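Overview (structure and organization)
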Amino acid sequence: MATADLPDSVRARLLALRDDPAVKVLLARGARAGGGPRRFWIARGLPGEEVLWCWHLDRVDDLLDLPLEALIAGQEEGPVIAGPLVLVCTHGQRDRCCATLGAPVFAALEARAPGQVMRCSHLGGHRFAATALVLPEGVLYGRLRPEDAAPLLAAVEARRIAAIDQLRGRACWTRPVQAALHQWRLDSGELAYDAVHVLGRIRIGTDRWRVALSTAGSGPAYCEYEVTEVEHERPVRKSCGDDARGPARVRIARRVV
């Protein structure tokens, strides 16, 4: 799953996509590496616009013929697949825990949903290993264990959050918005993807934001949360396998309207 294994032209094309802050490039493989056509996915995760496209490539160089920039910008469309696709980070070079903890989670998920689960390169948030990304919605989970496989897949199928204590957010939102959404779910108990919508976010101070939400189900139809970023009260491990601890920033959200 290293870019060094790709032709130079393909590697350069993929690396260039990372200049767009809204793009995350990942490499993935299934239960059996090698053989058969390569697959290439593009997921758009904005609420109301979720879509997962997939191409089967006879040669990895065929990637160079795809209008990647236009596809990412929404100016063209690709072949839609039903999805969902679950990516489990097993990339042990950045943190060994991603490999040691991610591999059994991948195996448990793949056994229940073969073809819909892939191992992937570094997702980030490795101190929360095992981590997983659900596409096309872009929902991120952490601290997963093999016994979480069945409830996670059931929640994905129902378009719901599997477990609020394992939720790490949704990739399309900034961190202040994710903090507000997370706290709203804790306050309301609502776990459905579509139970809450982001209306807007404004900065009201150096480390403070106001986030407006429109909600369905339990509670009021409109609410606002104030989010403050502070230093964590205790040093934390930056990686799962680290012995040393260091300072970290966290975001605290509270409802104000």
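Above: the structure in question.
The structure contained in this document is the topic of the report that follows. This is a predicted model, so every value here is computed, not measured. (Residues numbered from 1 in each chain as written. Predicted model: local features only at pLDDT ≥ 70, side-chain atom pairs only at ≥ 80, totals over all residues. Heavy atoms only, no water.)

Digging into unusual backbone geometry
Let me state the cut-off plainly: Helix numbering and strand numbering both begin at the N terminus, where a helix is a DSSP run of H or I of at least 4 residues and a strand a DSSP run of E of at least 2.
Residues alanine 129 and alanine 130 are joined by a peptide bond in cis, for which omega reads 0°. Structurally, the position occupied by alanine 130 is in the loop between β5 (117-120) and β6 (132-135). Geometrically, the link from leucine 135 to proline 136 is a cis peptide bond, its omega value of 15° lying close to zero. Here the phi dihedral of arginine 159 falls at roughly 55°; this positive angle occurs in a residue that is not glycine.

Regarding the packing of aromatic side chains
What counts, and what does not: Centre distance within 6.5 Å is the pairing criterion for rings of Phe, Tyr and Trp, where only the six-membered ring of Trp is used; planes under 30 degrees apart are then read as stacked, over 60 as edge-to-face, and the remainder as tilted. Exposure is judged per residue with a 1.4 Å probe applied to protein chains only, and the accessible area is read against the type maximum: over 50% gives exposed, under 20% gives buried, and values in between give partly exposed.
Under the criterion given, the structure shown has one aromatic pair. Measuring from centroid to centroid gives 5.8 Å for phenylalanine 40 and tryptophan 55, while their planes differ by 45°, and the two rings are tilted. Of this pair, phenylalanine 40 sits in strand β2 (residues 38-44) while tryptophan 55 sits in strand β3 (residues 51-57), placing them 15 residues apart in sequence. A residue is classified by how much of its surface remains accessible, and phenylalanine 40, at 15% relative accessible area, is buried. In this structure tryptophan 55 comes out as buried when scored by relative accessible area, which is 13%.

Examining the sheet that holds strand β1 (residues 28-29)
Test applied: A pair of strands is considered paired only if DSSP assigns at least 2 bridges between the two.
Across the sheet, six strands lie side by side as β1-β5-β4-β6-β7-β8; this open sheet has mixed pairing. Each of the sheet's edge strands pairs with one partner strand only, and the pair in question is β1 and β8 (167-170).

Some thoughts on the nonpolar core
Filter applied, for reference: To form a nonpolar core, buried Ala, Val, Leu, Ile, Met, Phe, Trp, Tyr and Cys residues must be joined to one another through side-chain atoms within 4.5 Å. We call two residues in contact when some of their heavy atoms are within 4.5 Å.
Membership of the largest hydrophobic core comes to 21 residues, with the highest contact counts inside it found for Val86, Val88 and Leu109. Secondary structure elements with two or more residues in this core: β4 (85-89), α3 (96-112), β6, β7 (139-141) and α4 (149-157). Not counting chain neighbours up to four residues away, the residues in contact with valine 86 comprise Leu109, Gln116, Val117, Met118, Ala132, Leu133, Val134 and Leu153. Judged by nonpolar contacts, the second largest core, of 17 residues, contains Leu6, Leu17, Val51 and Trp53.

Concerning the sheet that holds strand β12 (residues 249-255)
The strands that make up a sheet pair up through hydrogen bonds in the backbone, lying either parallel or antiparallel. Here is the rule: To obtain each axis, a line is fitted to C-alpha atoms, and for helices this fit is confined to the stretch in contact; angles are then taken between N-to-C directions over 0 to 180 degrees.
The strand order across the open sheet built from four strands is β9-β10-β11-β12, with neighbouring strands paired in antiparallel fashion. Both edges of this open sheet fall to β9 (196-205) and β12, since each of them pairs with a single strand only. Across this sheet, the average inter-strand angle for adjacent strands is 25°, counted without regard to direction.

Examining the pairing of β6
Every second residue of β6 is oriented toward a common face, with Ala132 and Val134 on one face and Leu133 and Leu135 on the other, all of them buried. Where β4 and β6 come together, four bridges link them in antiparallel fashion. Across the sheet, leucine 85 pairs through a bridge with leucine 135, a residue of β6. Between β6 and β7, which pair antiparallel and follow one another directly, the connecting turn spans three residues, one of which, glycine 138, has a positive phi of 75°.

Looking at a nonpolar patch on the surface
Let me state the cut-off plainly: Patch construction takes residues with relative accessible area above 30% that form no salt bridge. Like charges are linked within 9 Å, and nonpolar side chains (Val, Leu, Ile, Met, Phe, Trp, Tyr) are linked within 5 Å. The method behind every accessible area is Shrake-Rupley, applied with a 1.4 Å probe, and residues are considered shielded solely by the protein chains displayed. For this document, the term salt bridge refers to a Lys or Arg side-chain nitrogen within 4 Å of an Asp or Glu carboxyl oxygen.
Residues Leu199, Tyr222, Val256 and Val257 make up a contiguous nonpolar surface patch of roughly 330 Å² in combined accessible area. As for its placement among the helices and strands, valine 257 is situated in the segment after β12.

What about the packing of α3 against α4?
Basically, it comes down to this: To sort the angles, those under 35 degrees are grouped as roughly parallel, those over 145 as roughly antiparallel, those from 65 to 115 as roughly perpendicular, and the leftovers as oblique. Should the near helix be turned anticlockwise from the far one by less than a right angle, the crossing is left-handed, and should it be turned clockwise, the crossing is right-handed. Residues are grouped as follows: nonpolar covers Ala, Val, Leu, Ile, Met, Phe, Trp, Tyr, Cys and Pro; charged covers Asp, Glu, Lys and Arg; every other residue, Gly included, is treated as polar.
Contact pair α3 / α4: the axes reach a minimum separation of 9 Å and the direction vectors enclose 55°. By the angle class used here, α3 and α4 are oblique. For α3 against α4, the interelement crossing comes out right-handed. Listed contacts from α4 to Ala108, Leu109 and Arg112 of α3 are Ala149, Ala150, Leu152 and Leu153. When grouped by side-chain class, the residues that make up the contact of α3 with α4 number six nonpolar, no polar and one charged.

Some details on the side chain of arginine 13
Rules: Polar contact is defined as a pair of N or O atoms within 3.5 Å, subject to the rule that within protein one atom must be able to donate a hydrogen and the other to accept it, and that residues adjacent in sequence are counted only when both atoms are side-chain atoms.
Inspection of the secondary structure assignment puts arginine 13 in helix α1 (residues 8-17). A distance of 3.2 Å separates the side chain of arginine 13 from the backbone oxygen of leucine 64, its partner in a polar contact. Here arginine 13 is in contact with Leu63, Leu64, Leu66, Pro67, Leu68 and Glu69, once residues within four sequence places are set aside.

Points about the side chain of glutamate 224
Summarising the element assignment, glutamate 224 is placed in strand β11 (residues 222-231). Under the relative-accessibility criterion, glutamate 224 is labelled buried at 15%. A distance of 2.8 Å separates polar atoms of two side chains, one belonging to glutamate 224 and the other to arginine 210. If we ignore the near neighbours within four places in the chain, the residues touching glutamate 224 are Arg210, Val211, Ala212, Arg254, Arg255, Val256 and Val257.

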